[in-house]
Amino acid sequence: MKNRRCIAAWRGWIVLASVFALSACGFHLRGAQQLPFESLYLGISEYSELGAALKRNIRAAGGTRLTDKPEDAQAVLAVVGEARERIILSLSAAGRVRELQLRYRFIFRVHDNKGKEFVPQSEIVLKRDLTYDDSVVLAKEQEEVLLYRDMQNDLVQQIMRRLAAAKAQG
């Protein structure tokens, strides 16, 4: 009984010491990034998954109002291009696909209504490799969907970081 109390006390001290050590080194979780715009118009369909995820992240960051019209916004995020690609990396001896590479390409720019650029035309390309097997087609299709969803989440985070770092040029 005495041994258990002693072990529990030591565990408590170890946890407490770990918390103090982490706080002393300056460690903190990455929080929401403040955007340098009072208002922003997203040139992305509000019904797309990407548009909904971006809006959710911008609202969570706070301080930036989303507008329905580009004329009402201080900054406009314009989508230049978006593409999902599937590239064959290798084939088996029988000529069947063994490996694929999934690519998600997104090109955008951020400007105001007077021609000032906040973020010049930028391209983000995300890649994921995927092994392929004809005997488990449904499972591989589901894996592909999950990989594209993961890439979309990465894309949203990269766009948010670029928007947070944006400054007016000129």
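Only a predicted model underlies this, so the values are computations on that prediction, with no experimental measurement involved.

What counts, and at which threshold
Residues numbered from 1 in each chain as written. Predicted model: local features only at pLDDT ≥ 70, side-chain atom pairs only at ≥ 80, totals over all residues. Heavy atoms only, no water. Helix = DSSP H or I, 4+ residues; strand = E, 2+ residues; numbered from the N terminus. Buried < 20%, exposed > 50% of the residue type's maximum accessible area, 1.4 Å probe, protein only. Contact = heavy atoms within 4.5 Å. Areas by Shrake-Rupley, 256 points an atom, 1.4 Å probe, with all protein chains shown as cover. Pairing = 2+ DSSP bridges. Axes fitted to C-alpha atoms, helices over the stretch in contact; angles between N-to-C directions. Right-handed = clockwise from strand over helix to strand, strands pointing away. Parallel < 35°, antiparallel > 145°, perpendicular 65-115°, else oblique. Left-handed = near helix turned anticlockwise from the far one by under 90°. Nonpolar A, V, L, I, M, F, W, Y, C, P; charged D, E, K, R; others polar. Expected span 1.5 Å × (residues − 1). Phe/Tyr/Trp six-rings, centres within 6.5 Å; stacked < 30°, edge-to-face > 60°. Lys NZ or Arg CZ within 6 Å of the ring centre and 35° of its normal.

K.L.:
A description of the overall build of the chain should follow, citing residues and the corresponding values.
P.N.:
Broken down by element type, the chain carries three helices and five strands. Taken from N to C terminus, the helices and strands of the chain fall in the order α-β-α-β-β-β-β-α. The proportion of buried residues among the 170 residues of the chain is 31%. Sequence-distant contacts in the chain: of pairs separated by 6 or more residues, those separated by 24 or more amount to 66%. A total accessible area of about 11,400 Å² is found for the chain, and carbon and sulfur atoms account for 53% of it.

K.L.:
I'd love a proper account of the pairing of strand β5 (residues 117–131), names of residues and values included.
P.N.:
In this structure, strand β4 (residues 97–111) lies alongside β5, joined through twelve bridges in antiparallel fashion. Within β5, the position partnered with Arg 103 by the bridge is Lys 127. The turn joining β4 and β5, which pair antiparallel and follow one another in sequence, is formed by five residues; a positive phi near 100° is taken by Gly 115.

K.L.:
Residues and numbers for the sheet that holds strand β3 (residues 75–91), please.
P.N.:
Strand-to-strand pairing in sheets goes through backbone hydrogen bonds, with the strands running parallel or antiparallel. If you trace the five strands from one edge of the open sheet to the other, you get β2-β1-β3-β4-β5, paired in mixed fashion. The open sheet terminates on both sides in strands that have one partner only, identified here as β2 (65–66) and β5. Pairing geometry for β3 and β4, over 14 bridges, is antiparallel. If you follow Leu 77 over to β4, its bridge partner there is Val 110. Seen against the sheet, helix α3 (residues 137–164) touches β1 (39–42), β3, β4 and β5 and runs at an angle of roughly 155° to β5.

K.L.:
Please give an account of the pairing of β1 that cites residues and values.
P.N.:
Here β1 pairs with β2 via two bridges, running parallel. In the sheet register, Ser 39 faces β2, and the bridge partner there is Arg 65. What joins β1 to β2 is helix α2 (residues 49–61), and the crossover it makes is right-handed. As paired elements, β1 and β3 share three bridges and run parallel to each other. Paired with Leu 42 across the bridge in β3 is Leu 77.

K.L.:
Lay out the packing of α2 against α3 with the relevant residues and their values.
P.N.:
For the pair α2 and α3, interaxial distance at closest approach is 10 Å and the crossing angle is 40°. Between α2 and α3, the crossing angle belongs to the class labelled oblique. Like other packed secondary-structure pairs, α2 and α3 cross with a definite hand, here right-handed. Across the interface between the two elements, Glu 49, Leu 50, Ala 53, Leu 54, Asn 57, Ile 58 and Ala 61 from α2 touch Arg 149, Gln 152, Leu 155, Val 156, Gln 157, Ile 159 and Met 160 from α3. Residue composition of the contact of α2 with α3, grouped by class: nine nonpolar, three polar and two charged.

K.L.:
Break down α3 for me, with residues and values.
P.N.:
End to end, α3 covers 41 Å across 28 residues, agreeing with the expected 40 Å (1.5 Å per residue, within 8%). Those residues of α3 lying buried are Lys 140, Glu 144, Leu 147, Tyr 148, Met 151, Gln 152, Leu 155, Val 156, Ile 159, Met 160 and Leu 163. Along its buried surface, α3 packs onto β1, α2, β3, β4 and β5.

K.L.:
Quick one: what's the story with the side chain of Lys 55, residue by residue and with numbers?
P.N.:
Its place among the elements puts Lys 55 in helix α2. Here Lys 55 is in contact with Leu 42, Glu 46 and Leu 66, once residues within four sequence places are set aside.

K.L.:
Tell me about the packing of aromatic side chains, residues and numbers included.
P.N.:
Each aromatic ring pair is described using two quantities: the centre-to-centre distance and the angle formed by the ring planes. In the structure shown here, the tally under the stated rule is two aromatic pairs. Their ring planes at 70° and their centres at 5.0 Å tell us that Phe 37 and Phe 118 sit as a pair that is edge-to-face. Of this pair, Phe 37 sits in the loop between α1 (2–24) and β1 while Phe 118 sits in strand β5, and the two are 81 residues apart along the sequence. One Lys or Arg, Arg 84, reaches over the ring of Tyr 104 and ends 5.1 Å from the middle of that ring.

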